[in-house]
Amino acid sequence: MISLTSPIETRAHRWPAGLKLGLLCLVTFSLFFIDSVLFHGVFVVFVAVLYALPGMRFLKNGWKHLKILWPFVFIVLAWHLFTDELPLGLTVAFRMISAVGLANLVTMTTRLSDMIDVVHWLTRPLQRLGFNPRILELAIALVIRMTPVLVSKGQSLSLAWRARSNRRSGWRIILPFTVLALDDADHVAEALKARGGLTNQERK
């Protein structure tokens, strides 16, 4: 498993995780109250500038993380072009790119342990109701760390298919990808059990 935090140091790395997550929620929430396609287009350019400020290496690394978003952007634009609502499609696509881009930017400039500390602070009052915050913290950590691993394995399956066939892989790799994901989940579960699960971690 790998971390998505960028090794390239930026000023944002030194900002408190709670502040960055709070601003992310506020800005993303505000984007849904603005319907101007021009505004969202300019805002996408602003997000791109934020990626470019730390340098070309940081920009390329961020672009690599966002590549998975482009098929969804294409589907949104194609559908709205088909329904003759292209301005609305552009607004939705720009809003999607901005929201995911900002979230990825926060992830790249924030250590996972700092984000988990914020979640722990937010869920602390729920402990009085019997809620175990460690479950949520662990779930968030696993999603963030395992997502790039599964994406990489999906790309490897596609490359393996192309090496054996001239046809596009498409839906044909869904079953083997599902098996790989379940296998990884089984290994992670066994590793957690070997360490005593959440109970042991809470006693430490």
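Heads up: the structure comes first, above all this text.
In this text, all values refer to a predicted model and were calculated from it rather than measured experimentally.

A. Looking closely at the nonpolar core. If you look at the biggest cluster of nonpolar residues, it comprises 12 residues: Ile-8, Leu-24, Leu-31, Phe-43, Val-47, Tyr-51, Phe-58, Leu-66, Leu-102, Leu-105, Val-106 and Met-108. Considering every element that reaches this core, the biggest residue donor is helix 5 (residues 86-108), with 4 residues. Setting aside residues up to four positions removed in sequence, Tyr-51 forms contacts with Phe-58, Leu-59, Gly-62, Leu-66, Gly-101, Asn-104, Leu-105 and Met-108.

B. Just the environment of Phe-72, in detail. Topologically, Phe-72 is positioned in helix 4 (residues 70-82). For Phe-72, a relative accessible area of 51% puts it in the exposed group. Along the backbone, Phe-72 and Arg-167 are 95 residues apart, and their C-alpha atoms lie at a distance of 22 Å.

C. The pattern of salt bridges, seen in detail. Applying the stated criterion across every chain yields a total of 3 salt bridges. Linking Arg-111 and Asp-114 is a salt bridge whose minimum nitrogen-to-oxygen distance equals 3.2 Å. Relative accessible area serves as the criterion here: at 51%, Arg-111 is assigned to the exposed category. By relative accessible area, which is 24% here, Asp-114 ends up partly exposed.

Rules used in this analysis
Starting afresh in each chain, residues are numbered from 1 along the sequence in its written order. With pLDDT at 70 or above as the cut-off, local features in this predicted model cover only qualifying residues; side-chain atom pairs require 80 or more to be listed or tallied, and sums for whole chains, interfaces and linings still use all residues. Side-chain numbers here rest on the full set of heavy atoms in the structure, without hydrogens or water. Nine residue types can take part in a nonpolar core, namely buried Ala, Val, Leu, Ile, Met, Phe, Trp, Tyr and Cys, and a core is a set of them joined through side-chain atoms within 4.5 Å. Throughout this description, buried means an accessible area under 20% of the type-specific maximum (1.4 Å probe, protein chains only), exposed means over 50%, and partly exposed covers the range between. Labels follow the DSSP assignment, with helices taken as runs of H or I lasting at least four residues and strands as runs of E lasting at least two, numbered in each case from the N terminus. Residue contacts are defined here by distance: any two heavy atoms, one from each residue, within 4.5 Å place the two residues in contact. Between Lys or Arg on one side and Asp or Glu on the other, a salt bridge is scored when a side-chain nitrogen of the former is within 4 Å of a carboxyl oxygen of the latter.

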